[in-house]
Amino acid sequence: IPVVTAAPPVLGSGNWAGYVSREGEHEGVGAKWIVPKANTETPIRGHATWVGVGGFGSTDLIQSGTLALVDGNGIAHYRAWYELLPEAAVIIPLEVRAGDRISVSINKKTGDTWHIAFVNLTTKKSFTKLVEYESAGTTADWVHEMASLGDSIKLPLDDFPPVTFTDAWTTVDGARLSITESKGSRVYMNDDARTPLVRVNKATKNGSEFTISRTSKIIKKLVYKMHVSRIFRSKNLVPLKLLFRSL
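Throughout what follows, the structure given in this document is the object of discussion. (Residues numbered from 1 in each chain as written. Predicted model: local features only at pLDDT ≥ 70, side-chain atom pairs only at ≥ 80, totals over all residues. Heavy atoms only, no water.)

This paragraph deals with the overall build of the chain. Regarding its fold elements, the chain presents 0 helices and 18 strands. The 247 residues of the chain split such that 53% are buried. For the chain, contacts bridging at least 24 residues in sequence account for 68% of all contacts bridging at least 6. Accessible surface for the chain amounts to roughly 11,500 Å². Of this, 52% is attributable to carbon and sulfur atoms. (Helix = DSSP H or I, 4+ residues; strand = E, 2+ residues; numbered from the N terminus. Buried < 20%, exposed > 50% of the residue type's maximum accessible area, 1.4 Å probe, protein only. Contact = heavy atoms within 4.5 Å. Areas by Shrake-Rupley, 256 points an atom, 1.4 Å probe, with all protein chains shown as cover.)

What follows is the structure, encoded as structure tokens:
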């Protein structure tokens, strides 16, 4: 009798999309992508692209990635960052631009020590850091989401071009696995009416590559709800320029 393995469920979110792996204890995550260009015709919008460990159904999350924000003058700002919830995001002092190819990896070393590596493959500049962080390692995440201002205000998602995660992997119980091998589930971003805001295709290239693309649906209002990631934390809405500081 042939054994039939059930496909991982498709999940939904109000502010992010991508893949999440929930099998076993995750000790690392990584991927590559090209920084998508922000649409400057729609000001006060943005997006963030990142990989992380934790955060789905838990309060711990260690993550790193790229951010694009369009200010009120229609100027796009791009930044590299990492974040250890519940602390604020830290801007990585590394230039990133739309079209740059990025590689990000997060690996657990010993105890609660983690190694974050952010590499701009286009400029050949890199940033590495060892951090102490207590993580349950419940999930690995490959995500594209709305950017945020403060603790609870999500900026509307811009009309970004398709973004493809390549060479995506996670370390589970000591074994390095692709998204498919780690039984990753697709996560769709929907509005309040459950209308899809983005499409997430099925992982290909041996389960290590997938693409997220925008639908024609445009968000007309701010969304006041957080789900997994707080890219920047503050108690008040602050000017965009205050968010772009290397700490």
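What follows concerns the pairing of strand E14 (residues 163-172). Within E14, 8 of the 10 residues are buried, leaving the element largely enclosed by the surrounding structure. Inspection of the sheet shows E14 paired to strand E18 (residues 210-214) by 3 bridges, in the antiparallel sense. Note on E18: the bridge partner recorded for Phe 165 is Phe 210. Looking at chain direction, E14 and strand E15 (residues 175-177) are connected through 3 bridges and run antiparallel. Along E15, the bridge assignment pairs Thr 171 with Arg 176. In sequence, E14 turns back onto E15 through a hairpin of 2 residues, with Asp 173 there showing a positive phi of about 50°. (Pairing = 2+ DSSP bridges.)

This part covers the pattern of salt bridges. Scanning the entire structure with this criterion turns up 5 salt bridges. Linking Lys 108 and Glu 25 is a salt bridge whose minimum nitrogen-to-oxygen distance equals 4.0 Å. Placement of the pair is Lys 108 in strand E8 (residues 101-108) and Glu 25 in the loop between strand E2 (16-21) and strand E3 (26-34), with a sequence separation of 83 residues. Given the relative accessible area of 26%, Lys 108 is considered partly exposed. Salt-bridge contacts for Glu 209 lead to Lys 205; the nearest nitrogen and oxygen are separated by 3.6 Å. (Salt bridge = Lys/Arg side-chain N within 4 Å of Asp/Glu carboxyl O.)

Time to look at the side chain of Thr 113. With respect to the secondary-structure elements, Thr 113 resides in strand E9 (residues 113-120). Only 2.4 Å separates the side chain of Thr 113 from the side chain of Glu 132, close enough to count as a polar contact. Excluding residues that lie within four positions of it along the chain, Thr 113 makes contacts with Asn 107, Lys 108, Leu 130, Val 131 and Glu 132. (Polar contact = N/O pair within 3.5 Å; in protein donor to acceptor, adjacent residues only side chain to side chain.)

With that out of the way, let us pick up the environment of Lys 108. Along the sequence, Lys 108 and Gly 137 sit 29 residues apart, while their C-alpha atoms lie 9.5 Å from each other. Once residues within four sequence positions are removed from consideration, Lys 108 is found in contact with Glu 25, Glu 27, Thr 113 and Trp 114.

Tallied over the full model, the rule gives 5 aromatic pairs. Look at Tyr 82 and Phe 127: their rings are 6.2 Å apart centre to centre, the planes differ by 20°, and that puts the pair in the stacked class. Of this pair, Tyr 82 sits in strand E6 (residues 76-84) while Phe 127 sits in strand E10 (residues 125-132), and the two are 45 residues apart along the sequence. Overall, Tyr 82 belongs to the buried group, its relative accessible area being 8%. On the basis of relative accessibility, which here comes to 17%, the residue Phe 127 falls in the buried class. Grouping aromatic residues by their ring pairs yields a cluster made of Tyr 19, Trp 33, Phe 165 and Phe 210. Against the face of Trp 169 rests Arg 176, its NZ or CZ located 4.0 Å from the ring centre. (Phe/Tyr/Trp six-rings, centres within 6.5 Å; stacked < 30°, edge-to-face > 60°. Lys NZ or Arg CZ within 6 Å of the ring centre and 35° of its normal.)

The linkage connecting Leu 85 with the following residue, Pro 86, adopts the cis geometry, with an omega of 10°. If you trace the backbone, Pro 86 turns up in the loop between E6 and strand E7 (90-92). Unlike most non-glycine residues, Asp 167 shows phi in positive territory, near 50°. Mapped onto the secondary structure, Asp 167 falls in strand E14. Taking relative accessible area as the criterion, Asp 167 reaches 39% and is therefore assigned partly exposed. You will see that Lys 205, though not glycine, has its phi angle at about 50°, which is positive. Tracing the sequence through the fold places Lys 205 in the loop between strand E17 (198-200) and E18. In this structure Lys 205 comes out as exposed when scored by relative accessible area, which is 54%.

Note that every value here comes from positions in space, so none of it alone points to a role or purpose.
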